[in-house]
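Each chain, written out:
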Amino acid sequence: MNEELLLAAKRRLRTEMTRRRRTIPEAEREAASRAMCGTLCALPRYQAARTVFAYASMPEEVQLDGLLARALADGKRVAIPWITGRGTMEAVELPSLAVLERGAYGIRNVPDHLRRAVAPEEIDLAIVPGAAFTAEGARLGLGGGYYDRYLGERARGAYRIALAFDALLTAEVPMAAHDIDVAEIITESRHLVCRKKR
Ligand SMILES: Nc1nc2c(c(=O)[nH]1)N(C=O)[C@@H](CNc1ccc(C(=O)N[C@@H](CCC(=O)O)C(=O)O)cc1)CN2
Ligand SMILES: Nc1ncnc2c1ncn2[C@@H]1O[C@H](COP(=O)(O)OP(=O)(O)OP(=O)(O)O)[C@@H](O)[C@H]1O
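Owing to the predicted nature of the structure, the values given are computational and were not obtained by experimental measurement.

(A) Structural context of the UniProt feature "binding site: substrate" (unreviewed entry) in the chain. Under the local residue numbering, the UniProt record ascribes the feature "binding site: substrate" (unreviewed entry) to Glu-61. Its place among the elements puts Glu-61 in the loop between β1 (51-53) and α4 (65-73). If we ignore the near neighbours within four places in the chain, the residues touching Glu-61 are Arg-21, Arg-29, Tyr-55, Ala-56, Pro-129 and Phe-165. Within the structure, the side chain of Glu-61 is placed 2.8 Å from the backbone nitrogen of Met-58, a separation counted as a polar contact.

Structure, rendered in structure tokens:
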């Protein structure tokens, strides 16, 4: 598939899947998010991780505030994205949930005066957001290329796990060479360990 067709196919799927995740009722979203975070925290991978890169959830996403609080309480260093430019981001240390303020694209962020970068090589575990996934670990993001660049070029040693609603699993996600997959997917009902296909 050429690049243009690939991007058009991604855009189509993204529109469909972001619509789908917006329609999940809030109570269901909260329950599903709690179940996913519970599964994640039981994993040795999580328990062994010293630095965890996650994200400050937007309303339609898997709700990670509970996970962020738990990881901080577990004594881990927790980092979230800080958008630095078009398609580029850094990981910044999250000192506590209380400091978060609305930033770019309405996503909550660590305010300037508290911002401390975390070196990408130090990230043990990355919790990756996404609009759609396949059981094999292919991922469709929001279209900014932020995670593909950061995980593919900077934090290459980070182990990648996605938390996703069952409804966002799909048979196929168009993937380009630079698209980054995930090693495991946790949904509210399943834990998938993905086989490397590419
Ligand atoms: N919670 C959270 N934080 C995150 C991400 C995420 O998926 N979830 N990101 C994951 O990458 C990065 C931000 N990604 C973004 C990707 C695209 C747009 C954006 O341009 N949104 C436009 C519509 C874009 C379009 O379709 O042209 C908009 O909302 O109006 C914003 C943020 C970093 N932080
Ligand atoms: N590693 C990369 N190097 C150069 N360009 C890239 C890279 N990753 C993505 N891009 C470009 O960024 C744009 C968005 O890519 P894509 O649609 O795959 O993003 P996404 O995976 O949905 O987003 P995100 O990673 O932010 O969640 C595309 O034009 C793509 O070619």
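Structure shown, so let's carry the discussion forward.
(B) Representation of the sheet that holds strand β10 (residues 159-163) within the structure. Read across the sheet, eight strands follow the order β6-β3-β2-β1-β7-β10-β11-β12 without closing on themselves; strand pairing throughout is mixed. Edge positions in the sheet fall to β6 (117-118) and β12 (191-193), since each has one partner strand and no second. The pairing of β1 with strand β7 (residues 125-128) spans two bridges and is parallel. Bridge assignment links Phe-53 to a residue of β7, and that residue is Ala-126.

(C) Geometry of the site of ligand 2. In the vicinity of ligand 2, 16 residues are found, and the nearest of them are Lys-10, Arg-139, Gly-143, Tyr-146 and Asp-148. The backbone of Tyr-147 places a nitrogen or oxygen atom 3.0 Å from an oxygen atom of ligand 2. Within the side chain of Asp-148, an N or O atom sits 2.6 Å from an oxygen atom of ligand 2. In isolation ligand 2 offers 640 Å² of accessible surface; the protein chains occlude 81% of this area. Of all the elements in the fold, those that place two or more residues in the shell around ligand 2 are α1 (3-22) and α5 (146-154).

(D) Fine view of the site of ligand 1. Near ligand 1 the following residues occur: Tyr-55, Ala-56, Met-58, Glu-61, Pro-81, Ile-83, Tyr-105, Ile-107, Pro-129, Leu-142, Tyr-146 and Tyr-147. Residue Ala-56 places a main-chain N or O atom 2.9 Å away from a nitrogen atom belonging to ligand 1. Side-chain polar atom of Glu-61 to a nitrogen atom of ligand 1: 2.8 Å apart, as the coordinates give it. Protein chains shield 62% of the accessible area of ligand 1, which is 680 Å² for the free molecule. Sorting the residues of the shell around ligand 1 by element identifies β2 (77-85) and α5 as the ones contributing at least two each. Considering only residue class, the shell around ligand 1 consists of eleven nonpolar, no polar and one charged.

(E) Representation of the pattern of salt bridges within the structure. Applying the stated criterion to the full structure yields nine salt bridges. For Arg-70, the salt bridge is made with Asp-74, and the minimal N-O distance between the two is 3.1 Å. Overall, Asp-74 belongs to the partly exposed group, its relative accessible area being 38%. For Asp-181, the salt bridge identified is with Arg-160, shortest N-O distance 3.1 Å.

Reading guide: rules and limits
Per chain, the residues get numbers from 1 upward, laid out in the order the sequence is written. Labels follow written order: the first chain is A, the first ligand is 1, and so on. In keeping with the model being predicted, local features are shown solely for residues with a pLDDT of at least 70 and side-chain atom pairs are shown and tallied solely at 80 or more, while totals for entire chains, interfaces and linings include all residues. Side-chain measures here rest on the full set of heavy atoms in the structure, leaving out hydrogens and waters. UniProt positions are given in the numbering used here, feature names are shortened, and annotations may be inferred rather than shown by experiment. Put simply, DSSP marks the helices as runs of H or I at least four residues long and the strands as runs of E at least two long, and each gets a number from the N terminus on. Should any heavy atoms of two residues lie within 4.5 Å, those residues are considered in contact. Nitrogen and oxygen atoms within 3.5 Å of one another constitute a polar contact, given that in protein one can donate a hydrogen and the other can accept it, and given that sequence-neighbouring residues count only through two side-chain atoms. In this analysis, strands are considered paired if DSSP registers two or more bridges between them. A molecule or strand has a residue near it when one of that residue's heavy atoms lies within 4 Å. Method for areas: the Shrake-Rupley scheme with a 1.4 Å probe, in which residue coverage is limited to the protein chains shown. Following the grouping adopted for this structure description, the nonpolar residues are Ala, Val, Leu, Ile, Met, Phe, Trp, Tyr, Cys and Pro, the charged ones are Asp, Glu, Lys and Arg, and the polar ones are all others, Gly among them. Any carboxyl oxygen of Asp or Glu within 4 Å of a side-chain nitrogen of Lys or Arg constitutes a salt bridge here. Note on exposure labels: buried denotes an accessible area under 20% of the residue type's maximum, exposed denotes more than 50%, and partly exposed covers the range between, all computed with a 1.4 Å probe on protein chains only.

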